[in-house]
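What follows is each chain in one-letter form.
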Amino acid sequence: DCRQYTNRSCEECLKNVTCLWCASSKRCMEYPVRRILPPADLCELRSARWGVCWVNFEALIIAMSVVGGTLLIMLGVCCCCCCKKKSKKQVSR
């Protein structure tokens, strides 16, 4: 049970992968698996820790968005470059 780690440390709480640590309230609780993100009434995103103690959900969402956006832009640029090369080869024939 995750609640037994409340008021201890984040590291102790997160040894169990089903637990979520809320830094602001120092509570350890079961991760709400039916939801992707923990609801605000349970714990704010900037205070929620899951998996590792050094990154919060807010930073994780921002980082994933930046990486995902960068990958999509790179994919779009690659597709445009490939399409232009194919059209130039067809015109030169």
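Values in this document were obtained by computation on a predicted structure and should not be read as measured data.

### Remarks on the state of the cysteines
By definition, a disulfide links the sulfur atoms of two cysteine residues through a covalent bond.
Here's step 1: Tallied over the full model, the rule gives four disulfides.
Here's step 2: Each sulfur of the disulfide joining C13 and C28 lies 2.0 Å from the other. The chirality of the disulfide connecting C13 with C28 is right-handed, given an S-S dihedral of about 80°. In this pair, C13 is assigned in helix α1 (residues 10–13) and C28 in strand β2 (residues 27–30), connecting sequence segments 15 residues apart. Pair check on accessibility: C13 and C28 agree, each one buried.

### Notes on the UniProt feature "transmembrane region" (unreviewed entry) in the chain
Here's step 1: In this numbering, the UniProt entry assigns the feature "transmembrane region" (unreviewed entry) to residues 59–83.
Here's step 2: Split by type, residues 59–83 is 100% helix and 0% strand. Its first and last C-alpha atoms lie 36 Å apart.

### Considering the UniProt feature "domain: PSI" (unreviewed entry) in the chain
Here's step 1: Within this structure's numbering, the places UniProt gives as "domain: PSI" (unreviewed entry) are residues 1–54.
Here's step 2: Across residues 1–54, the secondary structure splits into 7% helix and 19% strand, with the terminal C-alpha atoms separated by 23 Å.

Each value, and the rule that gives it
- Residue indices follow the written sequence of each chain, beginning from 1 at its first position.
- Local features are withheld for residues below a pLDDT of 70 in this predicted model, meaning they are given only at 70 or higher, and side-chain atom pairs are given and counted only at 80 or more; totals for whole chains, interfaces and linings count all residues.
- Working from all heavy atoms in the structure, the side-chain values ignore hydrogens and water.
- The disulfide criterion is simple: two cysteine sulfur atoms within 2.5 Å.
- Comment: elements are numbered from the N terminus, with helices defined as DSSP H or I runs of at least four residues and strands as E runs of at least two.
- Buried means the residue's accessible area, taken with a 1.4 Å probe over protein chains only, is under 20% of the maximum for its type, while exposed means over 50%, and partly exposed covers the values in between.
- UniProt positions are given in the numbering used here, feature names are shortened, and annotations may be inferred rather than shown by experiment.

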